[in-house]
Amino acid sequence: MPSPHWQPFLIAAPLIAFTPGANQLLSLRNAVQQGTVDALVAVAGRLSAFLLLVLATAVGLGELLVTSEPVFTVVKWCGVAYLLYLGGYMLYRSRAAGPPDAPGSPAPDSRPPRRTRRQLTRQEFVVALTNPKALLLFAALLPQFVDHAAGSVNAQLIALGVAYLAVEFVAATVYAGVGGTLNSFDIRARTRRLLDRGTGATMLVVAGGLVFTHQ
């Protein structure tokens, strides 16, 4: 059976997966807001999107993204638009939640209305699918670990992609675990608002970075 270059891949994959990004921040935030279990269920949306990207890469659509400037531009601006919307929404909600708690005041019920797991999963899916950097991860990075002398490039790409999904899930579990730990402390409303603001601001920064990203 054709074998890709596993050793360098298993070094690079965790470095990429554990680097804070839009989806990892969502896992952290979802776990803080609603607990570890809901956050991990939502990760299914991200993994589903990544699986689609792996299959697209295997059938050659990834190469089209890398080589076609119009296709890359459309995907890039879709990602920018959604990240701007998501970041703006988080910042708006953190402001709408009211002023920070006054020193010495009793802590109000700081938990926002719960969202369904379907909503969280859909959000993870859309963020993953519209992030050009995620697309380029599979379109440009995975082929570097393929052993072309072994043949069956598509089979190797799928094997590498599935392996990356496993690494991604481990990273998401770590982020969700950290968020779940914070959730168990029943943190104050101010801390939750600060988390929303930080996540929202990060989404805007990522969107700004994508604006200046070239093919």
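Note that the structure is predicted; figures quoted are calculated from it, not measured. (Residues numbered from 1 in each chain as written. Predicted model: local features only at pLDDT ≥ 70, side-chain atom pairs only at ≥ 80, totals over all residues. Heavy atoms only, no water.)

(A) Region of interest: the side chain of Ser 27. Note that Ser 27 resides in helix H2 (residues 22-34). The exposure class of Ser 27 is buried, given its relative accessible area of 0%. Ignoring anything within four residues of it in the chain, the contact list for Ser 27 reads Ala 39, Val 43, Arg 46, Glu 124, Ala 172, Tyr 175 and Ala 176. (Helix = DSSP H or I, 4+ residues; strand = E, 2+ residues; numbered from the N terminus. Buried < 20%, exposed > 50% of the residue type's maximum accessible area, 1.4 Å probe, protein only. Contact = heavy atoms within 4.5 Å.)

(B) Geometry of H2. Its 13 residues give H2 an end-to-end C-alpha distance of 18 Å, which sits within 8% of 18 Å, the value for a rise of 1.5 Å per residue. Extensive coverage of H2 is indicated by the burial of 13 of its 13 residues. The first or second residue beyond H2 is Gly 35, which carries a positive phi of 105°. (Expected span 1.5 Å × (residues − 1).)

(C) Geometry of the nonpolar core. Counting 23 residues, the largest nonpolar core has Phe 9, Phe 50, Leu 53, Phe 138, Leu 142, Leu 160 and Tyr 164 as the members making the most contacts within it. Of all the secondary-structure elements, those providing two or more residues to this core are helix H1 (6-18), helix H3 (36-58), helix H7 (132-141) and helix H8 (153-184). Among the elements that line this core, the one with the most residues is H8, at 7 residues. (Core = buried A, V, L, I, M, F, W, Y, C linked by side-chain atoms within 4.5 Å.)

(D) Broad picture of the side chain of Asn 30. By secondary structure assignment, the location of Asn 30 is in helix H2. In this view, Asn 30 contacts Gly 35, Ala 39, Ala 42, Arg 115, Leu 120, Gln 123 and Glu 124; residues no more than four positions away in its chain are not counted.

(E) Region of interest: the packing of aromatic side chains. The final tally for this structure, using the stated rule, is 6 aromatic pairs. With a centroid separation of 5.6 Å and 75° between ring planes, the pair formed by Phe 9 and Phe 145 is classed as edge-to-face. In this pair, Phe 9 sits in helix H1 while Phe 145 sits in the loop between H7 and H8, placing the two residues 136 residues apart along the sequence. One exposure class covers both Phe 9 and Phe 145, and it is buried. These aromatic residues form a ring-pair network of at least three members: Trp 6, Phe 9 and Phe 145. (Phe/Tyr/Trp six-rings, centres within 6.5 Å; stacked < 30°, edge-to-face > 60°.)

(F) Focus on the pattern of salt bridges. Tallied over the full model, the rule gives 4 salt bridges. A salt bridge links Asp 38 to Arg 114; the nearest nitrogen and oxygen atoms lie 2.6 Å apart. Here Asp 38, found in helix H3, pairs with Arg 114, found in the loop between helix H5 (69-96) and helix H6 (117-129); they are 76 residues apart in sequence, far enough to count as distant. By relative accessible area, Asp 38 is classed as buried at 6%. Close ionic contact of Arg 117 with Asp 38 constitutes a salt bridge, the shortest N to O distance being 2.6 Å. With Arg 117 in helix H6 and Asp 38 in helix H3, the pair connects residues that are 79 residues apart, well separated along the chain. Through salt bridges with shared partners, a single ionic network connects Asp 38, Arg 114 and Arg 117. (Salt bridge = Lys/Arg side-chain N within 4 Å of Asp/Glu carboxyl O.)

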